[in-house]
Amino acid sequence: MPLRLPDGLPAIDILKREHINIEDGLVREDDYHPLRIVILNLMPFKITTETDFIRLLSNSPLLLDISFMKLKSHTSIHTPAEHINRFYHTLEELSKEKIDGLIITGAPVEGMPFEEVDYWAELQEIFNWARENVRSTLYICWSAQAGLYHFYDIPKYPLSKKMFGIFPTIPLKPELPLFRGFDDVFRMPQSRHTEIRREDIERVDDLEIIAESKESGVSIVRSRNRYEFFITGHLEYAPETLDREYHRDLGKRDDVEIPKHYYREDDPMKGPLVTWRAHANLLFMNWVKLIATPFSE
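Cut-offs used in this document
Residues numbered from 1 in each chain as written. Predicted model: local features only at pLDDT ≥ 70, side-chain atom pairs only at ≥ 80, totals over all residues. Heavy atoms only, no water. UniProt positions renumbered as here; feature names shortened; annotations may be inferred. Contact = heavy atoms within 4.5 Å. Phe/Tyr/Trp six-rings, centres within 6.5 Å; stacked < 30°, edge-to-face > 60°. Helix = DSSP H or I, 4+ residues; strand = E, 2+ residues; numbered from the N terminus. Buried < 20%, exposed > 50% of the residue type's maximum accessible area, 1.4 Å probe, protein only. Lys NZ or Arg CZ within 6 Å of the ring centre and 35° of its normal. Expected span 1.5 Å × (residues − 1). Salt bridge = Lys/Arg side-chain N within 4 Å of Asp/Glu carboxyl O. Pairing = 2+ DSSP bridges. Polar contact = N/O pair within 3.5 Å; in protein donor to acceptor, adjacent residues only side chain to side chain. Core = buried A, V, L, I, M, F, W, Y, C linked by side-chain atoms within 4.5 Å.

1. Thoughts on the UniProt feature "site: Important for acyl-CoA specificity" (unreviewed entry) in the protein chain
Inference 1: When the UniProt feature table is mapped onto this chain numbering, "site: Important for acyl-CoA specificity" (unreviewed entry) sits at Glu-110.
Inference 2: Aside from chain neighbours lying at most four places away, what touches Glu-110 is Trp-142, Lys-156, Ser-191, Arg-192, His-193 and Thr-194.

Laid out in structure tokens, this is it:
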């Protein structure tokens, strides 16, 4: 099923070159009733992040209408203003229409207290709006920590070394629709300098840890009473993303080591071994189906 995307979005040409089924503007309005998915993209290099998420959503068996949200209180310096103005919309603009699913990305601000982030107040407004108006929200990496802090006062803790690599992860509630078709172990990319802890989450009745890694800790948390999922890692990452991050930080930071379980034979010269792509696609497809059908256990 093709995706409905804004005309001219750079991700369209990128993914078509990968032979991914992306068709913009070719589906008649009366053919299907699309699910409306909005991505609040807080990452600095927005075109890369757009492509990562659209690549996963392109496998949807349902028609998706994808839009992008921007913040009024923050201006991106790594993405051209023309791109933001053309393809991104504010909450005020998007909230005029029904939104079925929201994805909130990570952001490179995890070293700062939440209250010191310049767009924190606006982000809290979006969190509150999503809880009341969106069927399901995926909070990714830093936004997962931010959402848990905002709603439940769950703190984050600094790590002595960056949690960096591809980590074996266990679904603790394999019967959940989100994990339909999953193996007993799946692998999740992690790239963060802070963590949330099991004992803090277990003190909150509304929260449940549904996936965890012996090496990287809490992986996915859900709200028991809402369709909210807090994912600490980056299943959306492309194969080369951790490699770019590693070489970016090489020689500049002393808290970043070679990403674990990522390179072939742990040798950066031999390139990455992709072990997370199948489950990443499956999780996002399961999420889309959750949005389209009543949630049940």
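2. Some words on the packing of aromatic side chains
Inference 1: Within the structure shown, the criterion is met by 18 aromatic pairs.
Inference 2: Relative to Trp-142, the ring of Phe-114 has its centre 5.9 Å away and its plane inclined at 45 degrees; by these criteria the two rings are tilted. In this pair, Phe-114 is assigned in the loop between strand S5 (101–104) and helix H5 (120–133) and Trp-142 in helix H6 (residues 142–152), connecting sequence segments 28 residues apart. With respect to burial, Phe-114 and Trp-142 carry one shared label: buried.
Inference 3: When the ring centre of Phe-114 is taken as reference, the NZ or CZ atom of Lys-156 above it lies at 4.4 Å.
Inference 4: One residue, Arg-197, lies across the ring of Tyr-157, its end atom 3.7 Å from the ring centre.

3. Regarding helix H9 (residues 277–292)
Inference 1: For H9, spanning 16 residues, the distance from its first C-alpha to its last is 23 Å, which sits close to the expected 22 Å at 1.5 Å a residue.
Inference 2: Looking only at H9, the buried set comprises His-279, Ala-280, Asn-281, Leu-283, Phe-284, Met-285, Asn-286, Trp-287, Val-288, Leu-290 and Ile-291.

4. Examining the pattern of salt bridges
Inference 1: Scanning the entire structure with this criterion turns up 20 salt bridges.
Inference 2: In this structure, the salt-bridge partner of Arg-36 is Glu-97, at a minimum N-O distance of 2.6 Å. Here the residue Arg-36 occupies a position in strand S2 (residues 35–40), and Glu-97 occupies one in the loop between helix H4 (91–94) and S5, the gap between them amounting to 61 residues.
Inference 3: For Glu-97, a relative accessible area of 49% translates into the label partly exposed.
Inference 4: Of the charged contacts, one joins Arg-226 and Asp-206 as a salt bridge, the two residues approaching to 3.1 Å between their closest N and O atoms.

5. Structural notes on unusual backbone geometry
Inference 1: The backbone of His-261 sits at a positive phi, close to 55 degrees, despite the residue not being glycine.
Inference 2: Within the fold, His-261 resides in the loop between helix H8 (241–249) and H9.
Inference 3: Using a relative accessible area of 37% as the deciding quantity, one classes His-261 as partly exposed.
Inference 4: Although it is not a glycine, Asp-266 sits at a positive phi angle of roughly 55 degrees.
Inference 5: Among the secondary structure elements, Asp-266 is positioned in the loop between H8 and H9.

6. Quick look at the pairing of strand S7 (residues 157–171)
Inference 1: Bridge analysis of S7 against strand S8 (residues 186–195) gives 9 bridges, and the strand direction is antiparallel. Across the sheet, the residue bridging to Met-163 is Arg-192, located in S8.
Inference 2: When S7 meets strand S9 (residues 207–213), the two strands line up antiparallel, connected through 2 bridges. The partner of Ile-170 across the bridge, within S9, is Glu-212.

7. Quick look at the side chain of Asn-41
Inference 1: Summarising the element assignment, Asn-41 is placed in the loop between S2 and helix H2 (46–57).
Inference 2: Residue Asn-41 is classed as buried on the basis of its relative accessible area, which comes to 4%.
Inference 3: In terms of polar contacts, Asn-41 uses its side chain to reach the backbone amide nitrogen of Met-43, at 3.2 Å.

8. Details of the nonpolar core
Inference 1: By size, the foremost hydrophobic cluster in this structure holds 43 residues, and its most contacted members are Leu-57, Ile-66 and Ile-103.
Inference 2: When residues of this core are assigned to their parent elements, the largest contribution, 8 residues, is made by H9.
Inference 3: Setting aside anything within four residues of it in sequence, one finds Ile-66 in contact with Leu-3, Arg-4, Leu-5, Pro-6, Ile-37, Ile-39, Ile-54 and Leu-57.
Inference 4: Within the second largest apolar cluster, 38 residues are counted, among which are Met-69, Ile-99, Ile-104 and Ile-201.

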